[in-house]
Amino acid sequence: LDPLIRVLESQNVYREIDHAVKEIALLVQEEGWSYKDVGVVVNDLTSYGFAIQRTMEEFGIPCFLDAKRSMADKPLGLFVVSSLQVLVRNYRYEDVFSMLKTGFSNLEEDEWEGLENYCLQFGIRGSQWKAPFHKCNDKTLLPLEELDLLREKVVEPLERLRSRVRQAPTFASIAKALFGYLEENRVVEKTQALTAALHQHGDLEHAAENNQVFNRI
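Residues numbered from 1 in each chain as written. Predicted model: local features only at pLDDT ≥ 70, side-chain atom pairs only at ≥ 80, totals over all residues. Heavy atoms only, no water.

A.B. asks: I would appreciate a short explanation of the environment of Ser-10 in the present structure.
C.D. replies: Among the structural elements, Ser-10 can be located in the segment before α1 (13-31). Placed 172 residues apart in sequence, Ser-10 and Leu-182 show a C-alpha to C-alpha distance of 50 Å. (Helix = DSSP H or I, 4+ residues; strand = E, 2+ residues; numbered from the N terminus.)

A.B. asks: Quick question: what am I supposed to make of the pattern of salt bridges here?
C.D. replies: Opposite charge on two side chains allows them to pair when their charged atoms are near. In total, this model carries twelve salt bridges according to the counting rule given. Residue Glu-94 is joined to Arg-92 by a salt bridge in which the shortest nitrogen-to-oxygen separation is 4.0 Å. A relative accessible area of 46% places Glu-94 in the partly exposed class. In this structure, a network of salt bridges that share partners links the residues Arg-89, Arg-92, Glu-94 and Asp-95. (Salt bridge = Lys/Arg side-chain N within 4 Å of Asp/Glu carboxyl O. Buried < 20%, exposed > 50% of the residue type's maximum accessible area, 1.4 Å probe, protein only.)

A.B. asks: Sorry if this is basic, but what is going on with the state of the cysteines here?
C.D. replies: Simply put, disulfide is the name for a covalent bond between the sulfur atoms of two cysteines. Taken as a whole, this structure holds zero disulfides when the rule is applied. The structure places no disulfide on Cys-119, whose sulfur is separated from the nearest cysteine sulfur, that of Cys-136, by 13 Å. Residue class for Cys-119 comes out buried when judged on its relative accessible area of 3%. Look at Cys-136 and you get partly exposed, because its relative accessible area is 47%. (Disulfide = S-S within 2.5 Å.)

A.B. asks: I tried to follow the side chain of Ser-105 on my own but got confused; where do I start?
C.D. replies: Relative to the helices and strands, Ser-105 is located in the loop between α4 (93-100) and α5 (109-122). Judged by relative accessible area, Ser-105 falls into the buried class, the value being 5%. Polar contacts involving the side chain of Ser-105 include one to the main-chain amide nitrogen of Leu-107, which spans 3.2 Å. Leave out the neighbours within four places in its chain, and Ser-105 touches Phe-79, Leu-100, Asn-185 and Lys-190. (Polar contact = N/O pair within 3.5 Å; in protein donor to acceptor, adjacent residues only side chain to side chain. Contact = heavy atoms within 4.5 Å.)

Now the structure itself:
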C-alpha cells in the first residue's frame, strides 16, 4: 500500500465527512495547500452531497459539487432557449423578457426595465415587435424614439438568426447561426465577466457552472 494512502473506518457518513474536511483544513492551514488543489471523490453524490456542502460551509471551506444539472435553468442556457422560443412562439412577452433578464442580451438592466414597462402598458407582443412603436402617454418611462431603438436592438439579432437558419436548415448550419448570434451578443465577454464576479464573491460553484454551460454550448 502506498504510504501516502490511509484507510480509515468511520461510524457513519457524517463522521467520515467530518474527518475528511478537517484533513483538508489542516492541509491548507499547515501545509500551504490551496483549496483548488483538493478534491473529494465519493461513490454516491446524492447521499453525500448535502452533508459535504454543509460541513465545508461550517469550516469556511469553498465547495463546488460537480453534479449533473440542467443547462436550461442557468443564465446562458436560458438565454439560448428563450431566444429560440421568441422566434418559434412569435415574440411572446414571457419569452422576450425571460431572454432579456438573463443579462446576456444587448440591453442593460435599466433599458429592458423601461422596455418592459412600455410593453406591459400597451400589450406589445407578436408582430408589434417588428413595427416601429407609436403608442405613448405621460406614464411612459423612456422617450418613444429611445424605446424604438431598444426594440431594434432586441429584434434585429433575432431576425438575423431566423434568416440564417431558414437559408440552410441543417444541424451544422443552425449551430453556426446560433454561434453567430451569441457572438453578436458578446456572450464570451459577458461569461468571463460573470465568472470573475462570482469568483470575487467566493461563489465557486456557480462560477464553475457558468463556465461549464458556456463550454457545452
